[in-house]
Amino acid sequence: SLFDFYDIPYIGPNKFSSCVAQNKYYCKKILKNFNINVIDYEILRKESYKEDELIKIERLGYPMILKANNLGSSIGIEVVNNIDELKDGLDYIFKYDSEIIIEKYIKNKKEYNIALFKNNDKVETSMIEEVEGEDILSYDDKYIKKKQNRICPAEIKNSLKNKIEYNAKKINYGLNFNSIIRIDFIYDEDDKILYFNEVNSIPGSYANYLFKNRYTFLDLLNSLINQGIADYNEKQKLIKIIDNNKIYEIKNGIKFK
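Because the structure is predicted, anything quoted here is derived from the model rather than measured.

1. Structural notes on the overall build of the chain
Along its length, the chain carries nine helices and nine strands. Every one of the 257 residues in the chain was classed for burial, and the buried ones make up 41%. Partitioning the contacts of the chain with sequence separation of at least 6, the portion at a separation of at least 24 is 64%. Here the chain has roughly 15,500 Å² of accessible surface; of this, 50% comes from carbon and sulfur atoms.

2. A look at the pattern of salt bridges
Under the defined criterion, the tally for this structure stands at 15 salt bridges. Between R59 and D40 there is a salt bridge; the shortest N-O distance is 2.8 Å. Separated by 19 residues along the polypeptide, R59 in the loop between α4 (53-57) and β2 (64-68) and D40 in the loop between α3 (24-32) and β1 (41-45) bring together distant segments of the chain. On the basis of relative accessibility, which here comes to 46%, the residue R59 falls in the partly exposed class. Ionic pairing is found between E130 and K110, a salt bridge with its closest N-O pair at 3.2 Å. Here K110 lies in strand β5 (residues 109-119) and E130 lies in strand β6 (residues 122-131), a separation of 20 residues in the sequence. Accessibility expressed as a relative area gives 7% for E130, which makes it buried. Residue K110 is classed as partly exposed on the basis of its relative accessible area of 29%. What emerges from the salt-bridge pattern is a single network uniting D40, E42, K56 and R59.

3. Topic: unusual backbone geometry
In this structure, the amide linkage connecting Y62 to the following residue, P63, adopts the cis form with an omega of -5°. Position of P63 relative to the elements: it lies in the loop between α4 and β2. For the peptide bond that leads from C152 to P153, omega is 0°, which places it in the cis range. Its location among the elements puts P153 in the loop between β7 (150-151) and α7 (158-174). Phi is positive for N35, close to 60°, though the residue is something other than glycine. Mapping N35 onto the fold places it in the loop between α3 and β1. In this structure, K192 takes a positive phi of about 55° despite not being glycine. Here K192 lies in the loop between β8 (181-188) and β9 (193-200).

4. Considerations on the pairing of β8
Regular strands place their side chains on alternate faces of the sheet. For β8, the buried fraction is high: eight of the eight residues fall into the buried class. Where burial is concerned, the two faces of β8 agree: the one with I181, I183, F185 and Y187 and the one with R182, D184, I186 and D188 are both buried. Of the strand pairs in this sheet, β5 and β8 are connected by eight bridges, and their pairing is antiparallel. Note on β8: the bridge partner recorded for A115 is R182. Pairing geometry for β8 and β9, over seven bridges, is antiparallel. The partner of R182 across the bridge, within β9, is N200. The antiparallel hairpin formed by β8 and β9 contains four residues in its connecting segment, where K192 sits at a positive phi of about 55°.

5. Some points on the sheet that holds β2
Here four strands make up an open sheet; going across it, the order is β1-β4-β2-β3 and the pairing antiparallel. Of all strands in the sheet, those with a lone pairing partner are β1 and β3 (77-80), marking the two edges. Averaged over all neighbouring strand pairs, the angle between strand axes comes to 20°, with direction disregarded. By the bridge criterion, five bridges tie β1 to strand β4 (residues 99-104) in an arrangement that is antiparallel. Directly across from E42, in β4, lies its bridge partner I102.

6. Digging into the sheet that holds β7
Spatial ordering of the open sheet is given by β7-β6-β5-β8-β9, a layout of five strands whose pairing is antiparallel. Both outer strands of the open sheet, β7 and β9, are each paired with one neighbouring strand and no more. Where β6 and β7 come together, two bridges link them in antiparallel fashion. Bridge assignment links E130 to a residue of β7, and that residue is I151.

The rules we used
- Residues numbered from 1 in each chain as written.
- Predicted model: local features only at pLDDT ≥ 70, side-chain atom pairs only at ≥ 80, totals over all residues.
- Heavy atoms only, no water.
- Helix = DSSP H or I, 4+ residues; strand = E, 2+ residues; numbered from the N terminus.
- Buried < 20%, exposed > 50% of the residue type's maximum accessible area, 1.4 Å probe, protein only.
- Contact = heavy atoms within 4.5 Å.
- Areas by Shrake-Rupley, 256 points an atom, 1.4 Å probe, with all protein chains shown as cover.
- Salt bridge = Lys/Arg side-chain N within 4 Å of Asp/Glu carboxyl O.
- Pairing = 2+ DSSP bridges.
- Axes fitted to C-alpha atoms, helices over the stretch in contact; angles between N-to-C directions.

As structure tokens, this is what we get:
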């Protein structure tokens, strides 16, 4: 928003796409309109939360996963198995966020990540990685201990690989991203359904390791910079200031060049 206001070129998603990506609830709402599968969910807001609402939430069935709606990096994440754990989990996460999204927790699953970006008006996809392990990585696991639990490229069938790439491109289009993003999917091994999980609008190190079969990190950065300049030049073609004479002509229905 600051760069847009001061008319400075930048790399990264625009302010609308960034806001939607950060809000799990609205992200799901929008992507459902693009026929993207999302895990069944409910939203709770601290200002209106009453325990009576838990009956509606329990329709999802246990276990459930609770997530701070506007946070990331595994902050404000809890898996609950009964009503007491649900109440405790909500109380805990409301300390971090005023909104909580509650989803059915899929036990028998695989997690897959894919990155993609716009390059010369084409959308390029990366290798797909599989995230191993059943436990949810904590903030310390990710940033202090730096646990690595990836299979890259993922060992999956071509049919699932193609489905992930197809859905990733639909999400990229639906949320209007012009820069590099990483999208996380969950595959339900029992029902054989691929679900969107979340989108990382500014992935760490631009998820460059997922492009290592095609680009060095320097080449990837150069591609992003060139695309950022091209997008900026396109924006410069838009009319941004209308002087008083033209405003008068518009009001009186007179065409102008």
